[in-house]
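What the coordinates show
Each chain is listed here by its residues.
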Amino acid sequence: MKEKNQEIFSETWKDDFPIQQQEAVHVSRREFAKFLGLLSGTLALGNAGIIIKSILFPSQKLKGEHFVCNQNEVPAGGMKQFELQLDKTIPYILIHLKDGQWRAFEQKCTHLSCAVRYVPEMDKIQCPCHNGYFDARSGVVLQGPPPRPLPRLDVILKDGKVFVAEMKNKT
Amino acid sequence: MSDFRESQNKAHPNKTNTLMTGIILLLIFIISIQIWFLYSALNNALERNLDIAIATFLGSFVLALVSFWLIRYLPDPREGKIKRK
Ligand code: FES
């Protein structure tokens, strides 16, 4: 019996081509541990991939000024939806605050991408999906599940026309 | 040839078992941290925050090296039997 054992264990090819089906489906703890090591390497690679992607393919920025609409199309307390055609189409909202200021934010909620809307009665931006609220002036989260403020654009007014541009000083 | 190793193994038959379990638990621990890193890097990619991506990559890379190094110390319960010949 001892002799036989020795013979089996010394022939490593039998690990790869076992005769019994039972041996073929058996995963030893050694193999499992090696697999865990492989997984850990893969996760590190995934992290590297994120860096490479964000260096090589930075998300496209809005260049120059983009015309949205005429100033008189949006009354105070009103909101208008528009889209920007960058590497993908991104919906934005233009808000005319009640005190006459203008703001532009991305319309996708930072929680799960529902469309947000401006509620003039509360002077806040609301996400109806899970009752998230954003400040209508800065886009900062006031309440609810959204993890980040809404991405914001600069609004530029020029002789009755409204333009948007990439934010200059990020605060 | 010295039979020190063999008699050691005979005296502590559970040793391989404990080592194996310990290493596997450590590996699982390392992987959990790496998943956490990857998750936060992905989350920050949405915000275009490169610093966090780099920091988590370094952490994850070091942890991967540690886990490769750990794997070298996996005991093989059959080792004693092969080497005897
Ligand atoms: S999607 Fe906006 S709060 Fe959940």
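Preceding this section is the structure that the text describes.
All values derive from a computational prediction rather than experimental measurement. (Residues numbered from 1 in each chain as written. Chains lettered and ligands numbered in written order. Predicted model: local features only at pLDDT ≥ 70, side-chain atom pairs only at ≥ 80, totals over all residues. Heavy atoms only, no water.)

**Some details on the overall build of chain A**
Looking only at helices and strands, chain A has 4 helices and 10 strands in total. Helices and strands appear in chain A in the N-to-C order α-α-α-α-β-β-β-β-β-β-β-β-β-β. By residue count, 35% of the 171 residues in chain A fall in the buried class. Taking the contacts inside chain A whose residues are at least 6 apart along the sequence as the reference set, 39% of them involve residues at least 24 apart. If you sum the accessible surface of chain A, you get close to 10700 Å²; carbon and sulfur atoms cover 55% of it. (Helix = DSSP H or I, 4+ residues; strand = E, 2+ residues; numbered from the N terminus. Buried < 20%, exposed > 50% of the residue type's maximum accessible area, 1.4 Å probe, protein only. Contact = heavy atoms within 4.5 Å. Areas by Shrake-Rupley, 256 points an atom, 1.4 Å probe, with all protein chains shown as cover.)

**Remarks on the sheet that holds strand β4 (residues 102–106) of chain A**
All names here are of chain A. Taken in spatial order, the 6 strands make up an open sheet running β1-β10-β9-β4-β3-β2, and their pairing is antiparallel. Of all the strands in the sheet, just β1 (66–70) and β2 (79–85) have a single pairing partner and so form its edges. Ignoring strand direction, the axes of neighbouring strands in this sheet form an average angle of 30 degrees. Sheet topology places strand β9 (residues 152–158) next to strand β10 (residues 161–166); 6 bridges connect them, and they run antiparallel. Within β10, the residue paired with Leu 153 across the bridge is Glu 166. (Pairing = 2+ DSSP bridges. Axes fitted to C-alpha atoms, helices over the stretch in contact; angles between N-to-C directions.)

**Some words on the pattern of salt bridges**
Residues and elements named next belong to chain A. If you walk through the whole model with that rule in mind, you get 2 salt bridges over all chains. Among the salt bridges present, the one from Asp 99 reaches Arg 137, with a minimum N-O distance of 2.7 Å. Pair noted here: Asp 99 is in the loop between β3 (89–96) and β4 and Arg 137 is in the loop between β7 (132–135) and β8 (141–143), with a separation of 38 residues, a long-range link. Arg 137 serves as the salt-bridge partner of Asp 123, at 2.6 Å between the closest nitrogen and oxygen. Of the two residues, Asp 123 is situated in the loop between β5 (117–119) and β6 (124–127) and Arg 137 in the loop between β7 and β8; the sequence distance between them amounts to 14 residues. Connected through shared salt-bridge partners, Asp 99, Asp 123 and Arg 137 make up one network. (Salt bridge = Lys/Arg side-chain N within 4 Å of Asp/Glu carboxyl O.)

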